[in-house]
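Fold and geometry: a report
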Amino acid sequence: MRTLLPLVLLLVAAKGGKKKDEVPPPPAAEPAPAPAEEAPPAPAEPAPPPEPVRVRNADLTISVGFSDGRVKTGHVTGIERSSDFYAEEGWTTDEGKLKLTVESGSSEKQVIWKDVKSVAITPGKIPDDVDCTYSSDFTPWMYECTLRTTVTVSLKDGSKGIVTARHKWRFTWEDGSKEEFWLYKHVAREQDDRDVHFGDEVSENFALYTRLQDRLRTEIKTLVKSVSVS
């Protein structure tokens, strides 16, 4: 027995003794889910258009007669005059500019629409009473044909006269509808669609004059021919 004991001990030492139970490694964590894509923000609602400014500087009952026989009568709550002859630069409500220059003989006076009894507008003939011209101040050139008219005014004080101011007028009715018209002269205006170049054999666009006169022939059928104020 003494000879075997050392051998047994050596065998045990060579095996290194008994190992502890091994703990299995923890399972690998699942990858985190990718963050969800954010939905694009909804487009902002467009802002509503601003309410049109209602001009309220008058309180008149006015009848407007047209060359096609129509008559519109109603309560006019707004009167405007064009800032320039064509209303291309807008409208004004300046009280000093809302007056008619009435000429009688060698005298003239400024009157407001409230003092007007009636206005009669007599258009001339086409093409005899039409003046056509162009302006090279514009690029391309601006063309216009103007129909001459005769405008007579009767005032509530019993006097009469004529109007020769070329500005345009605009009435606003109580229901919001508008009427724009010239008293003295009626214009058809259009800018050319081509530039004039140096060396062009013909610079003026005579075809445009013809087109503008055709417009006058159409518009004369519905022109304002009379205004009565009560």
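Use the structure listed above.
The present account deals with the structure reproduced in this document. Given the structure is predicted, the values throughout are model-derived calculations rather than measurements.

The next subject is the layout of surface pockets. Considering only enclosed or pocket space, the largest pocket measures out at about 270 Å³ in volume. For the largest pocket, the full set of lining residues is Asn-57, Ala-58, Asp-59, Leu-60, Ile-79, Thr-93, Glu-95, Leu-98, Ile-112, Trp-113 and Lys-114. Approximately 200 Å³ is the volume attributed to the second largest pocket. The wall of the second largest pocket is formed by 15 residues, among which Glu-180, Phe-181, His-186, Leu-223 and Val-224 lie closest to the centre. Elements with a contribution of two residues or more to the lining of the second largest pocket: strand S6 (116-123) and strand S12 (178-182). In the lining of the second largest pocket, the residues fall into seven nonpolar, three polar and five charged.

Cis geometry is found at the peptide bond from Ile-126 to Pro-127, where omega equals 10°. Tracing the chain through its elements places Pro-127 in the loop between S6 and strand S7 (130-135). Looking along the chain, the bond that leaves Thr-139 and enters Pro-140 is cis, with omega of -10°. Looking at the secondary structure, you find Pro-140 in the loop between S7 and strand S8 (142-147). Even without being glycine, Ala-87 reaches a positive phi, approximately 65°. Position of Ala-87 relative to the elements: it lies in the loop between strand S2 (71-82) and strand S3 (91-92). Judged by its relative accessible area of 18%, Ala-87 falls in the buried class. Even without being glycine, Lys-185 reaches a positive phi, approximately 80°. The residue Lys-185 is located in the loop between S12 and strand S13 (186-191) in this model.

Basis of the calculations
- Residues numbered from 1 in each chain as written.
- Predicted model: local features only at pLDDT ≥ 70, side-chain atom pairs only at ≥ 80, totals over all residues.
- Heavy atoms only, no water.
- 1 Å grid on protein atoms, 1.4 Å probe; cavity = no way out; pocket = protein on both sides within 12 Å on 5 of 7 lines; lining within 4 Å.
- Points joined across faces, edges and corners; volume = space filled by probe spheres on them.
- Helix = DSSP H or I, 4+ residues; strand = E, 2+ residues; numbered from the N terminus.
- Nonpolar A, V, L, I, M, F, W, Y, C, P; charged D, E, K, R; others polar.
- Buried < 20%, exposed > 50% of the residue type's maximum accessible area, 1.4 Å probe, protein only.

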